[in-house]
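# Coordinate analysis (summary)
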Amino acid sequence: MSICGKKVLHIDQNPHYGGEGASISPLEELYKRFHVPGPPKGMGQGKEWTVDLVPKFLLSNGQLVKMLLYTEVTRYLDFKVVEGSYVYQAGKIHKVPVTEADTQASDLMGMFDKRRFRKLLLFVLNFDEHDPRTFLDMDPNRTSMRDVFKHFDLGTDVVELTGHALALQSSDDYLDQPCLQTIKRIKLYSDSLARYDHSPYLYPLYGLGELPQGFARLSSQNGCTYLQNRRVDDIIIENGRVVGVKSHGESVLSTDIGSDWQVFRCKQLLCDPSYAPGRVRKVGRVIRAICLLNHPIRNTQDAKSCHIIIPHTQVHRKSDIYVCMVSYGHNVAPEGKYIAVVSTSVETGNPEKEVQPGLALLEPIMQKFISITDLMVPTDDGRRSQIFVSRSYDATTHSETECEDIKDLFRRMTGAEFSFEDFRRDSEADTDD
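Described below are features of the structure shown in this document.

The rules behind each value
- Residues numbered from 1 in each chain as written.
- Predicted model: local features only at pLDDT ≥ 70, side-chain atom pairs only at ≥ 80, totals over all residues.
- Heavy atoms only, no water.
- Helix = DSSP H or I, 4+ residues; strand = E, 2+ residues; numbered from the N terminus.
- Rg over C-alpha atoms; globule rule 2.2 N^0.38 Å.
- Buried < 20%, exposed > 50% of the residue type's maximum accessible area, 1.4 Å probe, protein only.
- Contact = heavy atoms within 4.5 Å.
- Areas by Shrake-Rupley, 256 points an atom, 1.4 Å probe, with all protein chains shown as cover.
- Lys, Arg positive; Asp, Glu negative; His and termini not counted.
- Charge placed at Lys NZ, Arg CZ, Asp CG, Glu CD.
- Expected span 1.5 Å × (residues − 1).
- Pairing = 2+ DSSP bridges.
- Disulfide = S-S within 2.5 Å.
- Phe/Tyr/Trp six-rings, centres within 6.5 Å; stacked < 30°, edge-to-face > 60°.
- Axes fitted to C-alpha atoms, helices over the stretch in contact; angles between N-to-C directions.
- Parallel < 35°, antiparallel > 145°, perpendicular 65-115°, else oblique.
- Nonpolar A, V, L, I, M, F, W, Y, C, P; charged D, E, K, R; others polar.

### Details of the overall build of the chain
- Counting secondary structure elements, the chain contains twelve helices and 20 strands.
- Relative to the 2.2 N^0.38 estimate, which gives 22 Å for 433 residues, the radius of gyration of the chain is 23 Å and therefore close to what a compact globule would have.
- Based on the C-alpha atoms only, the size of the chain along its principal axes is roughly 75 × 60 × 45 Å.
- A total of 433 residues make up the chain; the buried ones form 52% of that total.
- Within the chain, counting contacts between residues at least 6 apart in sequence, those at least 24 apart form 68% of the total.
- Accessible surface, the chain as shown: approximately 21,000 Å² in total, 47% of it carbon and sulfur.
- In the chain, 52 positive and 59 negative side-chain charges are present, and the distance between their average locations comes to 2 Å.

Rendered as structure tokens:
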């Protein structure tokens, strides 16, 4: 918004960047946050640890990477590819096959299924939604993904692999929806993998906390003002529309209403659910288990970083379980130390038991921290009040769902669709001016 010429004030009630998705460092702060005594000896220097509360990998050809490139936030960041992408099936971890060589070497499917799977991948790679000749007589806006799988005569295990490990669908609802979006998701995964050899995922050196810091630096250069560790005490509404926020603290850029109270006037307000609890509703819960390890995850070829999906049918659930792991390879832990996070949507009254299949892959665990948060969504689109509330972070360990939320917020705030090319042109025009 600041790049596009908007006057922006960013108030953050936290002493750190990133809000709910912050990176915590040093290690002592993590123990303090979860009220756990420690850390014990043998963990290395605390300042060498940077632990993300809500880890999200970036698909290398995905929307967030494009946003970072087009806004030029990448000038403040360094990324490194995640070393492996895996799926859990029949009690074992397997490398996700996408290339022909991986498919031939995979023990996830038999010889005939490999041939059918290869035909599906060729169809997806050649698919062009603007060219009906690539549809194979299947209307992408009417044909369900279930019917596409039937067309290629794929077995249940291959369908599960394709839908959850490649298309990154978190449930099976997609099977009876038009196939266009799932085809695009498989193509995105494949295109992202094609950019690197090991996996389709990227992760910033020194943790995800570098992302909001990078945006803060860029926004500051474009006139945005930041106030950290400053709570918002009240949202001021006049005639049904937001006109400002009231905050207690040192006077700056505001209209004084008392010695310690200030009002910051605004025409639009963008916030996460914690700032507007009366404008959101709970739709679920998410559990995350942050685990500190002194070894790589078994059967990942000693990868220093990796992503694992446990499809819900493998553990008799309704939603998938996600495991992501980073380490000293991304400068977030001391030499020989690893950080793994297991996450999923809560379905029962015993959330910690629900992540046990993921935790079993990590044993032995040096230290475990459990976080259970509510999944909140806005109750309205915000157009009438001009108060635009984002969604909470979901259980997935990739950033595509958050990018969809960003685009939705942009649409609600401006009335226009977010376009990467239009955004680039607007940014370049402002730079020229």
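### Side note on helix H8 (residues 210–221)
- Over its twelve residues, H8 extends 17 Å from the first C-alpha to the last, a length consistent with the 16 Å expected when each residue adds 1.5 Å.
- All of the buried residues in H8 are Glu210, Leu211, Gly214, Ala216, Leu218 and Ser219.
- At its buried positions, H8 is contacted by helix H2 (63–71), strand S5 (79–81) and strand S9 (225–227).
- Two residues or fewer after H8 comes glycine 223, characterised by a positive phi angle close to 95°.

### Focus: the pairing of strand S8 (residues 201–204)
- Of the two faces of S8, both are covered, the one formed by Tyr201 and Tyr203 as well as the one formed by Leu202 and Pro204.
- The pairing of strand S4 (residues 58–59) with S8 spans two bridges and is antiparallel. For leucine 59, the partnering residue across the bridge sits in S8 and is tyrosine 201.
- Relative to S8, S5 runs antiparallel, the two being bridged by three bridges. In the sheet register, valine 81 faces S8, and the bridge partner there is leucine 202.

### So, the state of the cysteines
- Summed over all chains, the structure comprises zero disulfides.
- With no disulfide partner, cysteine 324 has as its closest neighbouring cysteine sulfur the one in cysteine 306, 8.6 Å distant.

### Focus: the packing of aromatic side chains
- All chains considered together, the criterion is met by eleven aromatic pairs.
- Between phenylalanine 57 and tyrosine 201, the aromatic rings sit 5.8 Å apart at their centres with planes inclined by 50°, giving tilted as the arrangement. Placement of the pair is phenylalanine 57 in the loop between strand S3 (51–52) and S4 and tyrosine 201 in strand S8, with a sequence separation of 144 residues.
- Phenylalanine 57 gets classed as buried once you look at its relative accessible area, which sits at 0%.
- Ring centres of phenylalanine 127 and phenylalanine 135 lie 5.5 Å apart, and the angle between their planes is 25°; this geometry places the pair in the stacked category. Take phenylalanine 127 and phenylalanine 135: they sit in the same class, and that class is buried.
- Taken together through their ring pairs, the aromatic side chains of Phe57, Tyr189, Tyr201 and Tyr203 make up a single cluster.

### Structural notes on the side chain of glutamate 402
- Along the chain, the position of glutamate 402 falls in helix H11 (residues 400–414).
- For glutamate 402, a relative accessible area of 16% gives the class buried.
- Not counting residues up to four positions away in its chain, the partners in contact with glutamate 402 are Lys56, Tyr393 and Asp394.

### Overview of the packing of H2 against H11
- Put simply, H2 and H11 touch, their axes get as near as 8 Å, and they point 60° apart. The orientation of H2 relative to H11 falls into the category oblique. Contacts between H2 and H11 pair Gln63, Leu64 and Met67 from the former with Glu400, Cys403, Glu404, Ile406 and Lys407 from the latter.
- Residue composition of the contact of H2 with H11, grouped by class: four nonpolar, one polar and three charged.

### Considering the packing of helix H6 (residues 156–166) against helix H7 (residues 180–194)
- Interaxial distance between H6 and H7 falls to 9 Å at its minimum, and their mutual angle equals 70°. Relative to H7, H6 is oriented roughly perpendicular. Listed contacts from H7 to Thr162, Ala165 and Leu166 of H6 are Arg185, Ile186 and Tyr189.
- The residue makeup of the contact of H6 with H7, split by class, is four nonpolar, one polar and one charged.

### Some thoughts on the pairing of strand S15 (residues 280–293)
- For S15 and strand S19 (residues 367–378), the ladder comprises twelve bridges, and the chain directions are antiparallel. Considered in S19, the bridge of alanine 289 is made with isoleucine 370.
- For S15 and strand S18 (residues 338–345), the ladder comprises eight bridges, and the chain directions are antiparallel. Bridge assignment links isoleucine 287 to a residue of S18, and that residue is threonine 344.

### Examining unusual backbone geometry
- The linkage connecting serine 25 with the following residue, proline 26, adopts the cis geometry, with an omega of 0°.
- One can find proline 26 in the loop between strand S2 (23–24) and helix H1 (27–33).
- Along the chain, glycine 38 connects to proline 39 via a cis peptide bond; the corresponding omega equals 10°.
- Note that proline 39 resides in the loop between H1 and S3.
- If you check the backbone angles, aspartate 302 has positive phi at about 55° while not being a glycine.
- Among the residues examined, aspartate 302 registers a relative accessible area of 57% and is labelled exposed.
- The backbone phi angle of histidine 316 is positive, close to 60°, even though this residue is not glycine.
- Relative to the helices and strands, histidine 316 is located in the loop between strand S16 (306–310) and strand S17 (321–327).
- On the basis of relative accessible area, histidine 316 is assigned to the exposed category, the value being 77%.

### Things to note about the side chain of serine 219
- By the secondary structure assignment, serine 219 is in helix H8.
- Not counting chain neighbours up to four residues away, the residues in contact with serine 219 comprise Ser2, Cys224 and Tyr226.

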